[in-house]
Structure formats: structure tokens, C-alpha cells
Amino acid sequence: MGTLMIWDVLKSCARQGSLDSAIEESSIEINDFTSLFNSFGNIKQVFFNGATAQALYKKHVYPDFPAMYKALNYTKLPSTSPAYAAMPYQDKLAAWSVLKPLCRADFSPPAHCETVKVDG
């Protein structure tokens, strides 16, 4: 069993509504990935929740990264947003199931979190 961490590319931004296309470029504040990777040196794989997250990372994080972090494995997964209706839910679920081996079997999410059965 591995460990899975979830962290958004953006620390903050301004936008009208919930669409990624409405993010105001001048308002973007990126999370400090160098500190994250320095604090958790066992990170081997980075997964993106859709094309926008990947594009923001490539534009704002990746160019200034040390070579050791550029050598990580990067994978774009389909956006989980309901606004991304081009892919049916079952296909999204199947794509995201690659994360299941990284989850601890003994993990229990907080009561306010919704869980979804992945296998079956």
C-alpha cells in the first residue's frame, strides 16, 4: 500500500462562477510545490485533475523546478468536474481507479467527506 496526497495547483484565484475557463489570470496564486516536495521526499508520481490543472502546473510550476522534480512521473487524469461532460462518469471512475493502489486500506475519511466505491 502506498500513500496518496491531494493538493491543488492553485492556492487561490478569482473567477466568476465555477468554470476553470473563468479564472482571472492576474489573480492566480500557485501553491508552493518546492516546499511540498522538499517536505515529502518520497513523492514519485503527480496526477492532475484535468487539463487545466496540468496546464497551470506546466506554466507556473514546472519551468523553475529543479531537475529532480522534473524527473517525476506526471499523469493527467480526466477532470472530475460535472462541467466536463464529454466523458461519462463510469469512464472517469475507471481512469481514476489507477489511484486505488496508492490509498491506505485503514484510511477513514472525515464524516463530512463523501466516499465512492471504486471496485464494482
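Residues numbered from 1 in each chain as written. Predicted model: local features only at pLDDT ≥ 70, side-chain atom pairs only at ≥ 80, totals over all residues. Heavy atoms only, no water.

A. Summary view of the nonpolar core. Formed by 17 residues in total, the largest nonpolar core has its most connected members in V9, F33, F37, I43, V46, Y57 and F65. When neighbours within four sequence positions are excluded, I43 is seen to be in contact with M5, L36, F37 and L72. (Core = buried A, V, L, I, M, F, W, Y, C linked by side-chain atoms within 4.5 Å. Buried < 20%, exposed > 50% of the residue type's maximum accessible area, 1.4 Å probe, protein only. Contact = heavy atoms within 4.5 Å.)

B. Layout of the pairing of strand β3 (residues 45-49). Of the two faces of β3, only one is covered, namely that formed by V46 and F48; the face formed by Q45, F47 and N49 stays uncovered. Two elements, β3 and strand β4 (residues 73-77), share five bridges in a ladder whose sense is parallel. Bridging from a neighbouring strand, F48 pairs with K76 of β4. (Helix = DSSP H or I, 4+ residues; strand = E, 2+ residues; numbered from the N terminus. Pairing = 2+ DSSP bridges.)

C. The arrangement of helix α2 (residues 51-60) in detail. All of the buried residues in α2 are A53, Q54, L56 and Y57. Here the buried residues of α2 occupy an arc of 165° about the axis, which is enough to place them on one side. Relative to its buried face, α2 has exposed residues pointing more than 90 degrees away, namely K58 and K59. The inward-facing, buried residues of α2 abut β1 (10-12), α1 (33-39), β3 and β4. (Arc of directions from axis to C-beta.)

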